[in-house]
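Residue-level listing of the chains:
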Amino acid sequence: MPVLTESQRQEVADLLWDCWAHGRRVAQLPAHLQPGSRQEAYDIQGHLETRSFAPLAGWKIGATGPGGQQLLNITAPLAGRLLAERIHRNGSRVALGNSLMSVIEVEVAFRMRESLPPRATPYTQEEVLAAVGSVHPAIEIPDSRYDNFRQVGAEQLIADNSCADQFVLGAPANVDWRSLDLAALTTTAILDNGEERAGSGAQVLGDPRVALTWLANELRQHGLTLGAGHVVATGSTIVPMPVRAGLTVRAELGVLGSVTVHLD
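Residues numbered from 1 in each chain as written. Predicted model: local features only at pLDDT ≥ 70, side-chain atom pairs only at ≥ 80, totals over all residues. Heavy atoms only, no water.

1. A short note on the overall build of the protein chain
Here comes step 1: Summing up its helical and strand segments, the protein chain has six helices and 13 strands in all.
Here comes step 2: If you line up the protein chain on its principal axes, its C-alpha atoms span 50 × 45 × 35 Å.
Here comes step 3: The proportion of buried residues among the 264 residues of the protein chain is 57%.
Here comes step 4: Considering only residue pairs separated by 6 or more positions, the protein chain has 77% of its internal contacts joining residues 24 or more positions apart. (Helix = DSSP H or I, 4+ residues; strand = E, 2+ residues; numbered from the N terminus. Buried < 20%, exposed > 50% of the residue type's maximum accessible area, 1.4 Å probe, protein only. Contact = heavy atoms within 4.5 Å.)

2. A look at the pattern of salt bridges
Side chains carrying opposite charge are able to pair once their charged atoms draw close together.
Here comes step 1: As enumerated under the stated definition, the model contains 16 salt bridges in all.
Here comes step 2: R24 serves as the salt-bridge partner of D18, at 2.7 Å between the closest nitrogen and oxygen.
Here comes step 3: The class for D18 is partly exposed, based on a relative accessible area of 27%.
Here comes step 4: The class of R24 is partly exposed, set by a relative accessible area of 36%.
Here comes step 5: With a closest N to O distance of 3.9 Å, R113 and E114 form a salt bridge.
Here comes step 6: For R113, a relative accessible area of 47% translates into the label partly exposed.
Here comes step 7: According to the relative accessible area criterion, E114 is partly exposed, its value standing at 41%.
Here comes step 8: Look at the salt bridges and you will find they share partners, linking R9, E40 and D43 into a network. (Salt bridge = Lys/Arg side-chain N within 4 Å of Asp/Glu carboxyl O.)

Written out as structure tokens, the structure reads:
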């Protein structure tokens, strides 16, 4: 597949941003604009980032568990950018709009205290965790700008910011999280209509700390920095749960605390 020119990469980003901003979708990218590698796809993401009014807020990891991979019909995780205008405080009202996916995910999020820039050798889990400042309960409300998001494949999904949309960040956990077994952490999504869905930290590449380390090295390989202050959403600890406007969602993450969002 031919390498996309810089102008073509910008064209893809403009198309996807227009869809995102106006709540519309395309079936998939035009054939001549489809990225042929993860590197091209992350570069397109970078063009999306420049459209944000604020510095990059952080990163999300998509498809860290079998539920997310099945939803997207892929076999490996994806990284996406968290834009500041799409991050909400605990208890916020968030418009679900015409969300195609219409699901929520319960997540363990980390905030970095130190930067992990690109380098030749992989980061170890110990190095990555040493750079973390805090851990938070979170809810992600992902979505896609593709009608055919189950068929487009990893590169087009990455270009579309790996299904990033809205994100709700809870307060930092007031516990010694470094001593916790985050793989064994029990998590639950509770809807105000009585529905519940349980999961655990083990759904996230076996452990949210493993997922965070994966992200640091995924970014490193593509010349990107996991920066100080960045929030990292490590992936859904539950099978993504269907929701609709009018519901209130509470995510319970044991000793890490809880976070709530009201869907309009």
